[in-house]
Amino acid sequence: MAQEFRLLLVTPETTLLDQPIQSLRCTLYDGQIGILPGRMPMVGRLGYGELSFESIDGSESRYFVDGGFLQVQGTVISVLTEQAVPVSKLDAAEAEKLLEEALNRTAVGVDQCNAREKDQTRARAMLALAHQK
């Protein structure tokens, strides 16, 4: 039997997943990471984008994650995110609407500019994944 991890995928509302997996790939704030058994402990800041993992049965699952944090400690991977949506449920038209709203929003001051840029980045990542399904 292959080595495995336990994946905990948690949002502010609920624990979405608590299951054994073989490997995980996700988007960090500054790039991509792949995690296999035997990984040293780490904490990383999630970006906006894809989190995919291979289950014990070999099937792959894909989610859009909305930032947050990832922790690897022993055989447990904890993912804490604002929201996680299965890629199959993403709507390209809705993502385009969110991007258009973010692009057209007037921003005054540093905080509003940063919020607008964050919303644009989130919508672009969501749109890219919606087109891949």
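Predicted model only: the values in this text are computed from it and were never measured. (Residues numbered from 1 in each chain as written. Predicted model: local features only at pLDDT ≥ 70, side-chain atom pairs only at ≥ 80, totals over all residues. Heavy atoms only, no water.)

A. Up close: the overall build of the protein. Summing up its helical and strand segments, the protein has two helices and seven strands in all. Along the protein, from the amino end to the carboxyl end, the secondary structure elements read β-β-β-β-β-β-β-α-α. Judged by the C-alpha coordinates and their principal axes, the protein covers about 55 × 30 × 25 Å. In the protein, which comprises 133 residues, the share counted as buried stands at 40%. By sequence separation, contacts in the protein at least 24 residues apart represent 53% of the contacts at least 6 residues apart. Positive and negative side-chain charges of the protein, numbering 13 and 18 respectively, have mean locations separated by a distance of 3 Å. (Helix = DSSP H or I, 4+ residues; strand = E, 2+ residues; numbered from the N terminus. Buried < 20%, exposed > 50% of the residue type's maximum accessible area, 1.4 Å probe, protein only. Contact = heavy atoms within 4.5 Å. Lys, Arg positive; Asp, Glu negative; His and termini not counted. Charge placed at Lys NZ, Arg CZ, Asp CG, Glu CD.)

B. Focus on the side chain of Gln120. Along the chain, Gln120 falls in helix α2 (residues 109-132). Within the local environment of Gln120, its side chain forms a polar contact with the backbone oxygen of Ala102, the two atoms lying 3.2 Å apart. In this view, Gln120 contacts Leu99, Ala102 and Leu103; residues no more than four positions away in its chain are not counted. (Polar contact = N/O pair within 3.5 Å; in protein donor to acceptor, adjacent residues only side chain to side chain.)

C. Summary view of the layout of surface pockets. Here the largest pocket is characterised by a volume of approximately 280 Å³. Lining the largest pocket are 13 residues; nearest its centre among them are Tyr29, Arg45, Leu46, Tyr48 and Lys118. Those elements that place two or more of their residues in the lining of the largest pocket are β4 (42-55), β5 (60-73) and α2. Here the lining of the largest pocket is built from residues that sort into four nonpolar, four polar and five charged. (1 Å grid on protein atoms, 1.4 Å probe; cavity = no way out; pocket = protein on both sides within 12 Å on 5 of 7 lines; lining within 4 Å. Points joined across faces, edges and corners; volume = space filled by probe spheres on them. Nonpolar A, V, L, I, M, F, W, Y, C, P; charged D, E, K, R; others polar.)

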